[in-house]
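Here is what each chain is made of, one letter per residue.
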Amino acid sequence: MLEVQGISLGYGSTLVLEGVDLRVEAGEFVSLVGPSGSGKSTLLRTIAGLLTPQKGSIRRGCTQEEIGFLFQEDALLPWRTARDNVALGLRIRGWPKEQAWKEAEAWLERLGLEGLGNRFPHQLSGGQRKRVALAQVLVLKPRLLLMDEPFASLDAILRTQVTQDLLALVEEEGITVLLVTHDLEEALSLSDRVYLLSQGPRARIVQEYRLPFPRPRDPIGVKADPRF
Ligand code: ADP
Ligand code: MG
């Protein structure tokens, strides 16, 4: 689904990444872990096509339209309801309003937010907003989902609930995932494979770690409670 070969990239004269290689197979959940400032966001933005590398190549097994992004800060429009926020991308793609709303409601429900479609972002908790942001991305049926520390702002229990629900959904939908995080524990609990990026500047992939057993589906038995 994704092949990155020998990527080097800098801002001005400062080289941030030097000779980064990584691969993500279709259906895999891969994490990229590295210290703050090492260049994780730079690498993900490059993979997303938002930055152009000075050296190296990127091959994607899907189109730009089939890539979904989730950033640390959600991009919900404060003056639109949760339903409208989720439906927006479908409307841009030309879906009629009623149909887009119906699909948005279905995704809100899949994320445990049934009945909250009329709420505005400020009327939702942090965890619920994160679920709306997820619905906003998943409703567009991405084949490759790129996430840049999307759960960093959530506390540990909420993070476990949201990530476990996400894991179930990407599996049901057959979505390939590349997750950037500085949290090695989170990466190990979710991924098939983990890449470690060295301390910047001139960060490189220093290790590739394949989990020796199937990833745990629900490691501590936490069930999502959408009230939070
Ligand atoms: P991470 O996501 O791992 O914390 P980043 O990719 O955000 O790291 O940043 C890597 C390095 O590049 C840091 O030293 C950061 O200060 C620098 N950097 C990031 N974005 C820019 C930019 N737009 N212009 C100049 N330097 C940047
Ligand atoms: Mg970052």
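For the protein, the name recorded in an unreviewed UniProt entry is ATP-binding cassette domain-containing protein, with Thermus antranikianii as its organism.

*Asks:* So what exactly am I meant to see when it comes to the overall build of the protein here?
*Replies:* Secondary structure summary: the protein contains six helices and nine strands in total. Taking 17 Å as the expected radius of gyration for a compact globule of 228 residues, we find that the protein reaches 18 Å, a close match to that expectation. The dimensions of the protein, computed from C-alpha atoms along their principal axes, are 50 × 40 × 30 Å. Sequence separation of 24 or more characterises 71% of the internal contacts of the protein that already satisfy a separation of 6 or more.

*Asks:* Explain the environment of A168 here, please?
*Replies:* Structurally, the position occupied by A168 is in helix α5 (residues 156–173). On a C-alpha basis, the gap between A168 and L154 in space is 19 Å, while along the polypeptide they are 14 residues apart.

*Asks:* Can you walk me through the confidence of the model for the protein in this structure?
*Replies:* Fine structural detail should not be taken from predicted coordinates in areas where pLDDT scores are low. Averaged over all residues, the pLDDT of the protein is 91; the fraction at 70 or higher stands at 93%. Confidence drops under a pLDDT of 50 for residues 218–222, and excluding neighbours within four residues, the segment shows seven contacts in the predicted structure. Overall fold confidence for the complex sits at a pTM of 0.92, while the interface term, ipTM, reaches 0.98.

*Asks:* How should the site of ligand 1 be read in this particular structure?
*Replies:* Inspection of the region around ligand 1 gives Y11, V16, G34, S36, G37, S38, G39, K40, S41, T42 and G200 as its neighbouring residues. Split into classes, the residues belonging to the shell around ligand 1 amount to two nonpolar, eight polar and one charged.

*Asks:* Can you help me understand the pairing of strand β3 (residues 29–33) in this one?
*Replies:* For a regular strand, side-chain orientation follows a simple rule: the groups alternate between the two sheet faces. Counting buried residues in β3 gives five out of five residues, a clear majority hidden from the surface. Where burial is concerned, the two faces of β3 agree: the one with F29, S31 and V33 and the one with V30 and L32 are both buried.

*Asks:* When you look at the sheet that holds strand β4 (residues 55–60) in this model, what are you seeing that I'm missing?
*Replies:* Taken together, the three strands give an open sheet; going across it, the order is β2-β1-β4, and neighbouring strands pair in antiparallel fashion. The outermost strands of the open sheet, each flanked by one partner alone, are β2 (14–24) and β4. Each neighbouring strand pair of the sheet contributes to a mean axis angle of 25 degrees, computed without reference to strand direction. On the sheet, helix α1 (residues 40–47) packs against β1 (2–11), β2 and β4 and is oriented at approximately 125 degrees with respect to β1.

*Asks:* Help me understand the sheet that holds strand β8 (residues 193–197), please; the structure alone is not making it clear to me.
*Replies:* Taking strand neighbours across the sheet as the criterion, the six strands line up as β5-β6-β7-β3-β8-β9 in an open arrangement whose pairing is mixed. The sheet is open, and its two borders are formed by β5 (67–70) and β9 (205–210), each paired with just one other strand. Looking at each pair of strands side by side, their axes are set apart by 15 degrees on average, direction ignored. Direction of pairing for β8 relative to β9: antiparallel, over a ladder of five bridges. Each residue of the ladder has a partner; that of L196, found in β9, is Q207. Lying over the sheet, α1 contacts β3, β6 (144–148), β7 (176–181) and β8, oriented at roughly 155 degrees with respect to β6. Across the sheet, helix α4 (residues 126–138) is in contact with β5 and β6; its angle to β5 comes to roughly 165 degrees.

*Asks:* Teacher, can you tell me more about the packing of helix α2 (residues 82–92) against helix α3 (residues 97–110) here?
*Replies:* The axes of two packed helices give the description: the angle between them and the distance between them. It is at 8 Å that the axes of α2 and α3 come closest, and there the two elements cross at 120 degrees. With respect to their mutual orientation, α2 and α3 come out oblique. Pair α2 / α3 crosses with right-handed handedness. Here α2 contributes A82, R83, V86, A87, L90 and R91 to the contact with α3, which in turn contributes K97, A100, W101, E103, A104, E105, W107 and L108. Its residues assigned to classes, the contact of α2 with α3 shows nine nonpolar, no polar and five charged.

Rules of the game
Residues numbered from 1 in each chain as written. Chains lettered and ligands numbered in written order. Predicted model: local features only at pLDDT ≥ 70, side-chain atom pairs only at ≥ 80, totals over all residues. Helix = DSSP H or I, 4+ residues; strand = E, 2+ residues; numbered from the N terminus. Rg over C-alpha atoms; globule rule 2.2 N^0.38 Å. Contact = placed C-beta atoms within 7 Å. pLDDT = per-residue confidence, 0-100. Near = placed C-beta within 6 Å. Nonpolar A, V, L, I, M, F, W, Y, C, P; charged D, E, K, R; others polar. Buried ≥ 20, exposed ≤ 12 C-beta atoms within 10 Å, placed from the backbone. Pairing = 2+ DSSP bridges. Axes fitted to C-alpha atoms, helices over the stretch in contact; angles between N-to-C directions. Parallel < 35°, antiparallel > 145°, perpendicular 65-115°, else oblique. Left-handed = near helix turned anticlockwise from the far one by under 90°.

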